[in-house]
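Chain residues, written in single-letter form:
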Amino acid sequence: MDVLPHIEIETAPQPTHAVIWLHGLGANGHDFVSVVPELGLTKSRAVRFIFPHAPEMPVTINGGYVMPAWYDILSLSGSARQIDQAGIERTREQINALIDHEVARGIPAHQIVLAGFSQGGAMAYSVGLTYPERLAGVMALSAYIPAPDWLDQQRTVANQHTPILVAHGSHDPVVSLALGEHAKAWLQTHGYHINWQTYPMAHEVCLSEIQAIGRWLNQVLGD
């Protein structure tokens, strides 16, 4: 399978760790590139950041307008989403291939973090918790679990104890705080170890959140 087009940033030569960061609906891989210098990562650790571009497709909730998307969203409300399940499974294979590509380049899965914002965070859940090898961590920002029953069937033992960072804006009008809390409850019910944070913001990231992400990455990417 061809690897998704992406942007790469290396904090030092010969990276030993990787972070694959998935953007939100309608954005692209450039969306979080500027965050890297703000994370305050340990300078002695070489990390490769990978920011893939989602394929362009018609999105039903946006009137069929073609835009970058990880899967189609058929309908939404404050507490639910109706999504294209086949699209999630198709994208999961593409992101799995991106992880496998990093493994082939010499970075083992247990030194790779899968992160995402909004729809990208939904994919981080869908891929990170079903990947067959243990990952270093899973991070979901302003996100939700798009298919809880499917995830329950597909999740693997390998990532049962993988650290998970979940952050959400308390005033988010796009992905409601209730959706984030539903994901939190699902994860806790299924025995996952999560770090849950909320911030007084809308559908975005803020400096204190970015700094907290950096501290968490320093922990989970530790030797």
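Note that the structure is a prediction, hence the values are computed from the model and not measured.

Rules of the game
- Counting restarts for each chain: residues are numbered from 1 in the order of the written sequence.
- Residue-level local features of this predicted model are given only where pLDDT is at least 70; pairs of side-chain atoms are given and counted only at 80 or more, and the full residue set underlies all totals for whole chains, interfaces and linings.
- Note that water and hydrogens are dropped before the side-chain values are worked out from all heavy atoms of the structure.
- Centres within 6.5 Å make a pair out of two Phe, Tyr or Trp rings, where for Trp the six-membered ring is used; the pair is then stacked when the planes are under 30 degrees apart, edge-to-face when over 60, and tilted otherwise.
- Strands are runs of DSSP state E lasting at least 2 residues, helices are runs of H or I lasting at least 4, and numbering of each runs from the N terminus.
- Burial status follows relative accessibility: with a 1.4 Å probe on protein chains alone, a residue under 20% of its type maximum counts as buried, one over 50% as exposed, and anything between as partly exposed.
- For two strands to be treated as a pair, DSSP must find at least two bridges joining them.
- For helices, the fitted line uses only the C-alpha atoms of the stretch in contact; every axis is such a line through C-alpha atoms, and the angle between N-to-C directions lies from 0 to 180 degrees.
- Whether two residues are in contact is decided by their heavy atoms: any pair within 4.5 Å suffices.

Asker: I'd like a rundown of the packing of aromatic side chains, residues and numbers included.
Answerer: The full count for this structure, using the stated rule, is five aromatic pairs. Residues F32 and F117 carry aromatic rings whose centres are separated by 5.5 Å and whose planes lie at 55 degrees to one another, so their mutual orientation is tilted. Pair noted here: F32 is in the loop between strand 2 (17–22) and strand 3 (47–52) and F117 is in strand 8 (residues 112–117), with a separation of 85 residues, a long-range link. Its relative accessible area of 6% is what places F32 among the buried residues.

Asker: Go over the pairing of strand 5 (residues 65–68), please, and point to the residues and values.
Answerer: Bridging between strand 4 (residues 56–59) and strand 5 involves four bridges; their strand directions are antiparallel. Residue pairing across strands places P58 opposite V66, the latter belonging to strand 5. Counting the residues between successive antiparallel strands, the hairpin from strand 4 to strand 5 contains five residues, one of them, G63, with a positive phi of roughly 70 degrees.

Asker: Explain the sheet that holds strand 10 (residues 164–169) residue by residue, including any values.
Answerer: The strand order 1-3-2-8-9-10-11 describes an open sheet built from seven strands, whose pairing is mixed. With one partner strand each, in any of the chains shown, strand 1 (6–10) and strand 11 (194–199) form the two edges of the open sheet. The mean angle between the axes of side-by-side strands here comes to 15 degrees, regardless of whether they run parallel or antiparallel. Here strand 9 (residues 137–141) runs beside strand 10; their pairing, made up of four bridges, is parallel. The residue of strand 10 that forms the bridge with V138 is I164. Lying on the sheet, helix 2 (residues 119–128) is in contact with strand 2, strand 8, strand 9 and strand 10; it crosses strand 8 at an angle near 145 degrees.

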